[in-house]
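Understanding the architecture of this molecule
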Amino acid sequence: QQRGAPGEENLLSFETLPHVALAKTYNTNQQVPDSAGTMTALVSGVKTKAQVLGVDDRVVVGDHRSVASSSVPTLLEEAEDRGLATGVITTTTLTHATPAACYAHSADRAWENDRRLPEAARHDDFPDIARQFVEFDHGDGIDVAMGGGRVHFLPGDRIDPEWSDYRGERGDGRDLVAEWQARHPDGAYVWNRAQFDALDPAAGPVLGLFEPWHMRFEAERAGDPAGEPSLAEMTAFALDALSTRPDGFVLVVEAGRIDHGHHLGNAYRALTDTIELSNAVRVALERTDASETLIVVTADHGHVFTMGGYPTRGNDILGLVMPNDSSGQPAQRAALDASGHPFTTLGYGNGPGYPGASDTQPEGAKRFPHQPGSFAGSTAGRPDLSGVDTSDPSYLQEAAVPLALETHSGEDVPIYAGGPGAEQFRGVREQSFVRHAIAAALGWQDPPR
């Protein structure tokens with residue numbers, strides 16, 4: 001529709017991949033999962049509990065003492081141990097659940113820096129997630145890592161280089177960026193667009209931290225003061241850098257702000273970030289050889305996001321439901337609900353868009369969704385959307401159940417695959433199957449876990 005076409009027949013880049021399967025996403029202790037447990041399943045091959053990283057179901061959530069006996073190797077650790085190059089790219093903080101599951105082992109996904117550890121864990125010198133990234137000791141370390149999250153790497157007295165009202169969050173006084181640079185004297189640390197543009201893919205390892213918290217939504221990226229690369233641009237750089245390694249590579253790319261757009265009940269940001277994911281996959285397809293590179297595209301979970309109401313063909317996906325008339329032609333008036341009000345094609349099963357909830361999310365919430373707007377419920381019934389611009393980028397789609405933030409869903413998610421080993425992706429699979437299929441495509445002969 002952004003190109004002026006109806007939209008229904010469109011294919012995102014990953015929908016052109018030839019093999020498709022479905023993944024069951026539940027955690028071992030929850031019907032509807034979180035990202036930490038699901039990403040652990042994807043990259044470690046074991047189902048586990050919600051909220052934990054790089055550990056199996058024996059872990060006790062929140063107990064750092066249970067981590068050592070329940071840790072499981074990650075795909076990136078195994079790749080580095082076998083001499084492959086590795087990369088992890090995200091639009092969230094680099095220490096957020098999905099990227100962190102690639103390198104960290106933790107009884108709580110929230111332990112992104114030492115101040116977020118419980119006192120007992122700090123006393124026992126249990127490493128927080130940012131520290132685990134810097135102290136990653138497999139192979140020669142992760143070769144390309146990019147995302148947001150500077151606060152988790154910088155000490156509390158350090159003013160952020162881009163946002164003067166933010167400081168580092170670390171309480172131990174450690175500058176983990178400096179420590180990473182000391183560990184990788186041939187590497188490059190970048191935090192803005194100009195530095196990113198100057199990177200040489202043939203040089204040493206790269207750490208990019210482009211925001212104090214999460215990176216911007218794609219719809220807002222152009223307004224970033226210091227500038228930051230798009231997901232597609234980061235993907236292109238990582239592929240150029242990792243492809244120089246003779247023994248192959250494993251690259252994980254996450255469009256994590258799709259998730260945040262949905263949690264805010266904001267379809268516009270979720271969908272525009274999905275388009276950027278499609279752009280990133282298109283870059284991967286163009287920069288790799290389909291005869292030698294396996295590309296797998298999936299989600300760690302779904303959202304309670306729905307589309308319905310019998311709109312006519314080509315109807316604005318962000319607009320009101322405009323039905324066909326009795327002759328099958330587009331009607332001139334919007335469809336009405338049982339109370340006589342128009343409604344949108346898109347909606348959420350729960351979230352902040354419940355009628356009567358605050359529709360003025362603070363500006364900070366758009367960039368940093370862990371700071372949601374206040375919720376104020378109402379029993380006044382559905383609003384009249386006749387004069388409302390529901391395609392406005394900040395419009396929150398209506399939700400059936402009032403929650404401060406929308407939740408994940410428990411339904412199966414698709415897996416799209418192409419390249420060597422892609423034929424393994426068929427049928428309905430446990431999510432943990434993905435790691436084993438990738439390992440098989442790489443020729444790793446290891447027992448199933």
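Since the model is a prediction, treat every value here as computed from it, not as a measurement.

**Structural notes on the sheet that holds strand S6 (residues 249-254)**
Read across the open sheet, the 5 strands follow the order S4-S5-S3-S2-S6; overall the sheet is parallel. Both outer strands of the open sheet, strand S4 (188-190) and S6, are each paired with one neighbouring strand and no more. Each strand of the sheet is rotated relative to its neighbour by a mean of 5°, with strand direction disregarded. The pairing of strand S3 (residues 144-148) with strand S5 (residues 206-209) spans 4 bridges and is parallel. Counted as the bridge partner of Ala145 is Leu207 from S5. Along the sheet face, helix H9 (residues 231-242) touches strand S2 (85-93), S3, S5 and S6 and points at about 170° away from the line of S2.

**Regarding the pairing of strand S1 (residues 19-24)**
As paired strands, S1 and strand S12 (residues 413-418) are joined by 5 bridges and run antiparallel to one another. Paired with Leu22 across the bridge in S12 is Pro414. Across 3 bridges, the pairing between S1 and strand S13 (residues 428-430) is parallel. When the bridges of S13 are listed, Ala23 appears paired with Arg429.

**Considering the packing of aromatic side chains**
According to the stated counting rule, one finds 8 aromatic pairs in the structure shown. Ring centres 6.1 Å apart and planes at 85° place the aromatic pair Phe133 and Phe153 in the edge-to-face group. Placement of Phe133 in helix H6 (residues 129-134) and of Phe153 in the loop between S3 and helix H7 (176-183) is noted, with a sequence separation of 20 residues between them. The two residues Phe133 and Phe153 agree in class, both being buried. Each member of the aromatic cluster is reached from another via a ring pair, and the members are Tyr103, Phe133 and Phe153. Over the ring of Tyr26 we find Lys47; its NZ or CZ atom is 3.6 Å from the centre of that ring. When the ring centre of Phe217 is taken as origin, the NZ or CZ atom of Arg269, which lies over that ring, is 5.9 Å away.

Thresholds applied
- Residues numbered from 1 in each chain as written.
- Predicted model: local features only at pLDDT ≥ 70, side-chain atom pairs only at ≥ 80, totals over all residues.
- Heavy atoms only, no water.
- Pairing = 2+ DSSP bridges.
- Helix = DSSP H or I, 4+ residues; strand = E, 2+ residues; numbered from the N terminus.
- Axes fitted to C-alpha atoms, helices over the stretch in contact; angles between N-to-C directions.
- Contact = heavy atoms within 4.5 Å.
- Phe/Tyr/Trp six-rings, centres within 6.5 Å; stacked < 30°, edge-to-face > 60°.
- Buried < 20%, exposed > 50% of the residue type's maximum accessible area, 1.4 Å probe, protein only.
- Lys NZ or Arg CZ within 6 Å of the ring centre and 35° of its normal.

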